[in-house]
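# Descriptive structure summary
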Amino acid sequence: MITADRMAAVDANAAALGIPRKQLMESSGNAVARVVRESVDPGDRVVLVCGRGNNGGDAFVAARFLDAYDTETVLLGHPERIGTEIARENWDAIQHAELPTTVVGDTTDIADLDLDDVDLIVDAMLGTGVTGALREPEATAARVINESEATVVAVDVPSGVDADTGTSEGVAVDADHVVTFHDTKPGLADLDAAVTVAEIGIPAAAERFVGPGDLPSQHRAAASHKGDHGEVLVIGGGPYTGAPALTGQAALRAGCDLVHIACPESVARDVQGYSENLIVHALDGERFTPSVVEGVLDRAVEMDGVICGPGLGDHAETREAVSNFLGGFEGRAVIDADALGVVPEVDTDATLVCTPHQGELQAMGGETADDWEQRADLVAEFAGELGHTLLVKGPYDIVADGETTRVNRTGTPAMTVGGTGDVLAGVVGALLVATEPLTAAAAGAYLTGRAGEAAADARGNGLVATDLLDRLSEGFDNE
Ligand SMILES: NC(=O)C1=CN([C@@H]2O[C@H](COP(=O)(O)OP(=O)(O)OC[C@H]3O[C@@H](n4cnc5c(N)ncnc54)[C@H](O)[C@@H]3O)[C@@H](O)[C@H]2O)[C@H](O)CC1
Ligand SMILES: [K+]
């Protein structure tokens with residue numbers, strides 16, 4: 001079962017694996033033709049009613065595989081308005097092959113569409129790209145199709161039906177058979193139609209491994225204001241000063257508008273000294289202690305997200321302070337480094353993404369394995385027990401929340417240098433502001449790994465964590 005959005009992400013991942021969408025369309029169209037051939041006799045008349053998106057594109061391909069039949073490919077709307085290159089190329093191909101086609105300009109032409117003596121209609125007007133009730137001429141076409149005596153085979157989804165919900169806001173095609181691709185869609189479950197799920201050559205890797213399709217959209221409304229795109233609080237520092245500064249700068253480079261650092265006064269000036277882009281708030285004392293938790297909670301509740309852990313150190317007082325903080329925090333937080341140890345014991349209403357390396361995972365009570373597939377199962381099980389999302393760093397990062405597991409393959413052994421984990425925590429914290437935890441963790445691992453690869457291209461094993469900072473935004477462009 002796969003949703004339309006997830007299908008689009010998997011398509012993009014397949015393209016990044018070297019399986020372009022046009023190849024998928026060829027497989028889709030071939031699968032449709034196979035089902036059609038099973039439903040008609042030689043000499044039967046087959047009309048393919050096509051929209052201007054890739055759903056239509058699938059039928060343009062199918063027409064080529066039905067060349068031996070009496071087919072007519074009907075395009076609703078002018079060929080100039082075909083919306084995607086791969087659909088357009090397949091329309092041009094059947095034109096050049098002089099397969100019979102008709103272009104329907106508007107509603108009146110639709111009424112001329114004679115479907116009375118047609119044996120089978122392929123409904124390829126709309127698939128997962130439908131928005132709202134069918135407009136014209138698709139709405140009239142759907143009614144004409146429904147009134148005909150022909151067998152109706154729908155491409156991917158009956159036109160007008162929402163692939164995720166199975167509902168339609170207006171008229172929808174009433175199909176006898178649906179040929180859907182790669183995996184069934186939630187909205188097909190209750191349809192009164194036979195459903196064929198056709199493999200179209202998308203490998204499991206396109207779902208398993210994090211790819212460009214898993215990245216949250218970088219779109220920003222033009223009328224954005226400061227703070228719209230994330231204000232986060234980093235709780236870190238104590239013996240260390242570099243870690244919270246790396247995390248804060250990484251959060252900015254991953255798109256946050258404002259980053260606050262709450263750190264002990266003993267290191268506050270050092271942390272501020274790393275960057276004018278950070279807003280540093282000094283906490284009394286030399287480490288994070290229970291006495292300052294109240295104040296930090298008051299600030300945290302104003303934020304869109306928190307990143308707790310970088311450079312905190314593991315003093316008993318600090319562990320108690322982290323535990324008290326999590327006990328009172330109900331927002332979204334990344335937990336990293338020395339703060340991880342308390343997570344299994346603490347009862348919190350916060351939504352957490354924990355980013356342990358394998359040693360920290362074991363210290364939390366989790367199990368690991370050298371084989372990444374075994375590790376994935378162990379991490380998924382532990383995430384389910386914890387009730388939080390885990391991002392377990394390693395040559396293959398494992399991201400799991402107990403329901404879904406993704407594996408990230410980007411990165412390089414040169415990233416074992418200190419500080420890259422602080423950068424990762426900042427990237428995940430920035431994404432967690434506006435993205436679901438699993439997606440934020442998977443995309444954070446992917447983007448940080450990409451930045452590490454770019455840094456290693458330039459600096460080899462001499463790369464340092466700060467080299468990742470100004471390469472982070474490049475990852476978003478690798479769509
Ligand atoms: N991996 C896969 O599953 C593959 C699926 N393929 C096929 O691609 C379609 C999705 O294609 P897309 O271009 O995104 O959208 P559609 O063709 O479904 O529809 C867009 C098209 O429809 C118009 N439109 C939108 N809403 C309405 C409306 N309410 N009334 C009228 N017209 C509407 C919009 O303007 C566009 O023109 C998927 O279903 C599969 O069939 C790929 O071929 C290969 C991989
Ligand atoms: K359809």
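Residues numbered from 1 in each chain as written. Chains lettered and ligands numbered in written order. Predicted model: local features only at pLDDT ≥ 70, side-chain atom pairs only at ≥ 80, totals over all residues. Heavy atoms only, no water.

The protein chain goes by Bifunctional NAD(P)H-hydrate repair enzyme in an unreviewed UniProt entry, where it is assigned to Halonotius terrestris. In UniProt, the protein chain has this text filed under Subunit (unreviewed entry): "Homotetramer." (UniProt positions renumbered as here; feature names shortened; annotations may be inferred.)

The next point concerns the coordination of the potassium ion (ligand 2). By definition of the ideal shapes, a tetrahedral metal site with four donors has angles of 109.5 degrees and an octahedral site with six donors has angles of 90 or 180 degrees. For the potassium ion (ligand 2), the protein coordination sphere consists of Asn-55 (OD1), Asp-123 (O), Leu-126 (O), Val-155 (O), Val-157 (O) and Ser-159 (OG), at 2.6 to 3.1 Å. We note that the donor set of the potassium ion (ligand 2) lies within a single chain, spaced as N-x67-D-x2-L-x28-V-x1-V-x1-S. One end of the pair, Leu-126, is in the loop between β4 (120-124) and α6 (138-147); the other, Val-155, is in strand β5 (residues 151-155), with 29 residues separating them in the sequence. (Donors = N, O, S within 2.8 Å, 3.2 Å for Na, K, Ca; no water. Helix = DSSP H or I, 4+ residues; strand = E, 2+ residues; numbered from the N terminus.)

Okay, the pattern of salt bridges next. Where charged atoms of side chains with opposite charge meet at close range, the side chains can pair. Scanning the model with the defined rule gives 15 salt bridges in all. A salt bridge links Glu-26 to Arg-64; the shortest N-O distance between them is 2.7 Å. Taken as a pair, Glu-26 in helix α2 (residues 21-39) and Arg-64 in helix α3 (residues 54-65) lie far apart in primary sequence, 38 residues in all. A residue is classified by how much of its surface remains accessible, and Glu-26, at 27% relative accessible area, is partly exposed. Here Arg-471 and Asp-470 are joined by a salt bridge, their closest N and O atoms 3.8 Å apart. The exposure class assigned to Asp-470 is partly exposed, which follows from its relative accessible area of 47%. Salt bridges sharing partners connect three or more residues here, namely Arg-45, Asp-70 and Glu-72. (Salt bridge = Lys/Arg side-chain N within 4 Å of Asp/Glu carboxyl O. Buried < 20%, exposed > 50% of the residue type's maximum accessible area, 1.4 Å probe, protein only.)

Lining the immediate surroundings of ligand 1 are 25 residues, of which Asp-11, Asn-55, Asp-58, Gly-127 and Asp-156 lie closest. Between ligand 1 and Gly-127 there is a distance of 2.6 Å, counted from an oxygen atom to a backbone nitrogen or oxygen. At 2.8 Å from a nitrogen atom of ligand 1 is found a main-chain nitrogen or oxygen belonging to Thr-131. Here ligand 1 has 880 Å² of accessible area as a free molecule, and 85% of this is covered by the chains. When each cavity is represented as a set of grid points, ligand 1 is found to reside in the largest pocket. For the shell around ligand 1, the elements supplying multiple residues, two or more each, are α1 (4-16), α2 and α3. Within the shell around ligand 1, the residues separate by chemical class into eleven nonpolar, nine polar and five charged. (Near = heavy atom within 4 Å. Polar contact = N/O pair within 3.5 Å; in protein donor to acceptor, adjacent residues only side chain to side chain. Areas by Shrake-Rupley, 256 points an atom, 1.4 Å probe, with all protein chains shown as cover. 1 Å grid on protein atoms, 1.4 Å probe; cavity = no way out; pocket = protein on both sides within 12 Å on 5 of 7 lines; lining within 4 Å. Sits in = over half its atoms within 2 Å of the grid points. Nonpolar A, V, L, I, M, F, W, Y, C, P; charged D, E, K, R; others polar.)

Moving on, we get to the environment of Arg-45. Residue placement: Arg-45 occurs in strand β1 (residues 45-50). Separated by 75 residues in the primary sequence, Arg-45 and Leu-120 have C-alpha atoms spaced 6.6 Å apart. Arg-45 has contacts with Asp-70, Thr-71, Glu-72, Asp-117, Val-118, Asp-119 and Leu-120, leaving out every residue within four places of it along the chain. A distance of 3.3 Å separates the side chain of Arg-45 from the side chain of Asp-70, its partner in a polar contact. (Contact = heavy atoms within 4.5 Å.)

Moving on, we get to a negative patch on the surface. Judged by side-chain charge, Glu-367, Asp-370, Asp-371, Glu-373, Asp-377, Glu-381 and Glu-385 come together as a negatively charged surface patch. Here Glu-385 shows up in helix α13 (residues 372-386). Note on Glu-385: relative accessible area 58%, which makes it exposed. (Patch = residues over 30% accessible without salt bridge, like charges linked within 9 Å, V, L, I, M, F, W, Y side chains within 5 Å. Lys, Arg positive; Asp, Glu negative; His and termini not counted. Charge placed at Lys NZ, Arg CZ, Asp CG, Glu CD.)

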